[in-house]
Amino acid sequence: MEILEQVQGKRTKITVSKEGDRLFLKFGDGTEIQSMVDLKNPLLPPLTDHYWNYIALFPLINPDLKSILILGFGAGTIPRLLNFYYPTLEIDSVEIDQEVIDIVKRHFPIGKMNIIHDDATHYLRVSPKSYDLIVLDAFEEGDFDESLLTDEFFHALKSRLKGGGIVVGNYIYRQDIAQKYKYFFVKYFKSRFRLQMPRSYNYLVWGSDMEYSAKDLPDGGELAPLVEIMRNQTKVL
């Protein structure tokens, strides 16, 4: 794998590398990939078992969904995926590290993505906007940013969520993080679910005050393989 650029960010080392026709973004010295782009089809992330592909199913769970907030931009894999499948959605992405934004702009396709340089909790407190879907994808040194697993953060999070809105978070399994996720999702949402990614330690957890069910997902066309996994393997949290 060829390293194209490596810089020290606000919190961690940031590396952009290339292997064949794929670009990768990594944080820290670990092996976990934060974002990936196929240069042969840069607007569409490959439909693999990576957690980011499953985010594309939430507009199917809630067909009335119109606005999305993503906390943790990475290289823009999630907004890029959502823009491809749902071009009319309004998507904002918040990234705490300006170095991440700058290096990504130098190497990855950005297009019309709206990137906001801010701390996630601060943005939730001061923003006048509210959203139908909020995605927690903030990582530090390969692990979920635990500073967001607080009452202060979840209170601010719910204040920006529209009625019937969904919050979905992603983490790599660690018992302490899994327990904190469960604690806060049970405390703040009436309906909570968890999905483990196939052949992975990645988990998605989502919650809402509406009674959504993965079993009610439509077939999903090109996304059908992911729909089938979510229908059959989602568990109540």
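The structure under discussion appears in the preceding block.
This section reports on the structure supplied with the text. (Residues numbered from 1 in each chain as written. Predicted model: local features only at pLDDT ≥ 70, side-chain atom pairs only at ≥ 80, totals over all residues. Heavy atoms only, no water.)

Pairing in this open sheet of four strands is antiparallel, and the strands run E1-E2-E3-E4 from one edge to the other. Looking at which strands have only one partner, the edges of the open sheet turn out to be strand E1 (2-8) and strand E4 (35-38). Adjacent strand axes in the sheet meet at a mean angle of 15 degrees, parallel and antiparallel pairs treated alike. Inspection of the sheet shows E1 paired to strand E2 (residues 13-19) by six bridges, in the antiparallel sense. Across the sheet, the residue bridging to glutamate 2 is lysine 18, located in E2. The strands touched by helix H4 (residues 98-107) within the sheet are E1, E2 and strand E3 (22-27), with E1 carrying the most contacts at an inclination of about 155 degrees. (Pairing = 2+ DSSP bridges. Helix = DSSP H or I, 4+ residues; strand = E, 2+ residues; numbered from the N terminus. Axes fitted to C-alpha atoms, helices over the stretch in contact; angles between N-to-C directions. Contact = heavy atoms within 4.5 Å.)

Running from N to C, helix H6 (residues 151-159) and helix H7 (residues 175-188) cross one another at 40 degrees; their axes reach a closest spacing of 11 Å. Comparing the axis directions of H6 and H7 gives the class oblique. When you trace H6 past H7, the crossing you get is right-handed. Within the contact between the two elements, H6 uses Asp151, Phe154, His155 and Lys158 and H7 uses Phe184, Phe185, Lys187 and Tyr188. (Parallel < 35°, antiparallel > 145°, perpendicular 65-115°, else oblique. Left-handed = near helix turned anticlockwise from the far one by under 90°.)

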